[in-house]
Amino acid sequence: MSQKHRVSKKLHDAVSFSRLSSLCKLIVPVGLPSLSKSKASRLLCIKDEKPYHCSAMYAATLHSVSMPFRMEPLGPSADSTYASGALTVNEVVQILSGQARQNMVAILDAAMPAPSLAYILFRLLVMSPLTPEVSEHVEDLKSVESMIVLGALGTVAQCPLPIPLPFPSIFGNRVGQHGELLGTLDISSSSKGSLDVHSIPMAARLRSSSAVLPFLENRLGDLREFGIARGGPGAELLRCWGFTKDESEDMGETLSKMIMELNPHTQTSSDSD
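About the criteria used
Counting starts from 1 at the beginning of each chain's written sequence and moves along it residue by residue. Local features in this predicted model are restricted to residues of pLDDT 70 or higher, and side-chain atom pairs are both shown and tallied only at a pLDDT of 80 or more, whereas totals for entire chains, interfaces and linings draw on every residue. By convention in this description, side-chain values take in all heavy atoms of the structure and omit both hydrogens and water. Secondary structure elements are taken from DSSP: a helix is a run of H or I of four residues or more, a strand is a run of E of two residues or more, and numbering for both begins at the N terminus. Per-residue accessibility, obtained with a 1.4 Å probe over protein chains only, is compared with the maximum for each type, and a residue is labelled buried under 20%, exposed over 50%, and partly exposed between these values. Whether two residues are in contact is decided by their heavy atoms: any pair within 4.5 Å suffices. One requirement defines pairing of two strands: DSSP has to find at least two bridges between them. The salt bridge definition used is simple: a Lys or Arg side-chain nitrogen within 4 Å of an Asp or Glu carboxyl oxygen.

A. How the structure looks around the environment of Val 175. Residue placement: Val 175 occurs in the loop between strand 4 (161–162) and strand 5 (199–200). Residue Val 175 is classed as buried on the basis of its relative accessible area, which comes to 0%. Separated by 21 residues in the primary sequence, Val 175 and Asp 196 place their C-alpha atoms 9.2 Å from one another. With residues up to four places along the chain from it excluded, the contact list for Val 175 reads Leu 43, Pro 113, Glu 180, Leu 182, Lys 192 and Val 197.

B. Local environment of the pairing of strand 6 (residues 202–208). Counting buried positions along strand 6 gives 7 out of 7 residues, so the element sits mostly inside the fold. Sheet analysis places strand 3 (residues 144–150) next to strand 6, joined by 7 bridges and oriented antiparallel. Across the sheet, the residue bridging to Met 147 is Arg 205, located in strand 6.

C. Broad picture of the pattern of salt bridges. Taken as a whole and assessed by the stated rule, the structure comprises 9 salt bridges. When the shortest N-O distance is used, the salt bridge between Glu 236 and Arg 239 registers 2.8 Å. With Glu 236 and Arg 239 both in helix 6 (residues 235–240) and 3 residues apart, this pair spans about one turn of that helix. Overall, the relative accessible area of 45% leaves Glu 236 in the partly exposed class. Given the relative accessible area of 51%, Arg 239 is considered exposed. Overlapping salt bridges, with partners in common, bring together Asp 109, Glu 145, Arg 205 and Arg 207 in one network.

D. Structural detail: the side chain of Ser 210. Locating Ser 210 in the fold gives a position in the loop between strand 6 and helix 5 (213–228). Given a relative accessible area of 13%, Ser 210 falls into the buried group. Those residues in contact with Ser 210 that lie beyond four places of it in its chain are Arg 101, Val 138, Asp 140 and Leu 262.

E. Expanded view of unusual backbone geometry. Each neighbour pair has its own omega, and for Met 112 with Pro 113 the value is -10°, a cis peptide bond. One can find Pro 113 in the loop between strand 1 (107–111) and helix 4 (117–121).

What follows is the structure, given as structure tokens:
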């Protein structure tokens with residue numbers, strides 16, 4: 001990748017994130033540089049060069065995390081054996097961004113397929129981020145989350161995620177017909193599709209946590225280094241995109257405020273001074 005293309009990409013990511021965040025109350029960055037090399041696909045056979053492989057996992061996760069929005073609220077006398085936890089979009093936004101810390105940037109995590117209910121009850125559910133550039137080991141006492149589990153009795157919905165016929169063959173040998181994890185490898189196939197796997201339990205989570213700080217700090221750093229700083233290699237590019245110097249600094253201020261919400265002691269003074 002040439003230096004010019006690298007600067008353009010980094011500025012595009014920083015500018016688009018800053019501008020889009022001003023139009024919403026909650027924003028969830030999604031998209032790993034390499035899904036196949038991530039912990040999220042440890043039970044899958046993902047090939048990054050095949051767009052349907054990556055989109056299948058992202059789509060399954062988004063379907064799962066949005067399940068509460070499509071559920072009917074239950075009355076006090078209703079039978080909640082099969083489903084519980086209906087929420088509106090606004091309620092989830094308030095849970096994640098309307099608390100004491102007004103953080104509007106959430107992290108999306110997934111477990112595909114999710115383990116059995118016994119593992120979940122004993123807190124052995126390992127979920128991996130689909131949001132890029134987040135810290136893995138962060139203790140955040142103010143962290144809040146909304147977790148959705150499909151296909152495990154006693155969670156959100158007993159019905160697992162059905163696998164349609166056109167679904168790509170992305171499941172590894174340890175995944176059984178109904179998403180259960182097999183004790184031994186199935187040596188008959190290197191990957192499985194919808195003919196071998198009919199449904200899977202899914203777990204997805206939206207969380208508000210300071211673990212997203214590296215993502216925000218990287219975008220602010222790129223915007224300052226390439227676009228705002230005197231002599232920055234992308235200053236002319238920002239002007240070509242129609243942004244004045246004041247507008248560029250306003251975008252930097254927007255990112256700085258997001259960082260301050262998560263870490264009030266951070267230093268975010270402008271490098272252009």
